[in-house]
Amino acid sequence: MLNVKRLDLYLKYDRPLSANELDQLRPLVKRRAQHEPLQYIIGYTDFMNARIEVSPEVLIPRIETEQLVENILGTFPEGSQLTVLDIGTGSGCIPIALKQERPDWELHALDISAEALEVAKENAAINQVEITFHHGDIKKPEAFDFDGPFDVIVSNPPYVLPEEKETLEKQVVEYEPATALFTKNLIHTYQSIIDYARQNLAEKGTLFFELHDLHAGEIKKLFDYDHWDANVEKDYEKKPRFLRASLQQ
């Protein structure tokens, strides 16, 4: 909008804005004052090495989800060739970031929201990566037009309970999509993904979750230890945020 480099904002901090610049900025400042997220106002955010367009149809990617991607990349070295499914892809940030770093991987992405998938497809095109997108509900996998096996399944599902709504920032509650944030039944949400993974992971495949830090222990207990080796890992703030489960067959 101002057509200046970031450094110029510091070097020319006292430069008066023109009337045209003010006319463009005032409505944006007003929107931010009403708690609309900055990412929705400017229309994009950065995620890993990707530029991700965002709108109220999709959740704004968080730094914790970047760490989830880093965990996957750190588990499988460069040169590996894997087939990966992201369940609840939203903006497509997870498969896009993975494909950028591991171009030989085959990436699939699933979402229940057709509107979110349109955003994700646009983001894949912007970042020039090839991803196969699927529309469907993980709780109704019998209706899928695809199946595994997948070497990796990853998911950052909705994990905020309705009663926790009052603890969230206004900009989150009022603007971000409720279907991507809230679940009425946390256990059922994760169990549906675990059940699907149990049937559709390749031999010794791996399931990666992002978790609600207050319920990490509950989710870990869902795994049958005759078939899974499951471990909870902490995020940068030392909170139990991720789960990695390897299928034992």
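Rules and cut-offs
- Residues numbered from 1 in each chain as written.
- Predicted model: local features only at pLDDT ≥ 70, side-chain atom pairs only at ≥ 80, totals over all residues.
- Heavy atoms only, no water.
- Axes fitted to C-alpha atoms, helices over the stretch in contact; angles between N-to-C directions.
- Helix = DSSP H or I, 4+ residues; strand = E, 2+ residues; numbered from the N terminus.
- Parallel < 35°, antiparallel > 145°, perpendicular 65-115°, else oblique.
- Left-handed = near helix turned anticlockwise from the far one by under 90°.
- Contact = heavy atoms within 4.5 Å.
- Nonpolar A, V, L, I, M, F, W, Y, C, P; charged D, E, K, R; others polar.
- Salt bridge = Lys/Arg side-chain N within 4 Å of Asp/Glu carboxyl O.
- Buried < 20%, exposed > 50% of the residue type's maximum accessible area, 1.4 Å probe, protein only.
- Pairing = 2+ DSSP bridges.

Peer 1: Hey, could you run me through the packing of helix H4 (residues 63-75) against helix H5 (residues 93-101) in this one?
Peer 2: Two numbers describe how H4 lies on H5: the axes approach to 10 Å, and their chain directions differ by 40°. What the angle tells us is that H4 and H5 run oblique. In this structure, H4 crosses over H5, and the sense of that crossing is right-handed. Within the contact between the two elements, H4 uses Thr65, Leu68, Val69, Ile72 and Leu73 and H5 uses Ile94, Ala97, Leu98 and Glu101. In terms of residue class, the contact of H4 with H5 is made up of 7 nonpolar, 1 polar and 1 charged.

Peer 1: Help me out: how do you make sense of the pattern of salt bridges in this one?
Peer 2: Where charged atoms from two side chains of opposite charge come close, those side chains can pair. Scanning all chains against the criterion turns up 7 salt bridges. The partner of Arg241 in a salt bridge is Asp213, with the nearest N and O atoms 3.6 Å apart. Residue Arg241 is located in strand S9 (residues 240-247), and its partner Asp213 is located in the loop between strand S7 (201-210) and helix H10 (216-220); the two are separated by 28 residues in the primary sequence. Taking the relative accessible area as the measure of exposure, Arg241 reaches 8% and is therefore buried. If you follow the salt bridges from partner to partner, you end up with Asp213, Asp235 and Arg241 in one network.

Peer 1: I keep staring at the pairing of strand S6 (residues 150-155) and nothing clicks. Help me out?
Peer 2: Sheet faces and side chains relate simply in a regular strand, where the side chains alternate between the two faces. The buried count for S6 comes to 5 of 6 residues, which makes it a mostly enclosed element. Bridge analysis of strand S3 (residues 83-87) against S6 gives 4 bridges, and the strand direction is parallel. Its bridge partner being in S6, Val84 is matched across the sheet by Val152. Bridge count for S6 against S7 is 5 bridges, and the pairing is parallel. Along S7, the bridge assignment pairs Phe150 with Leu201.

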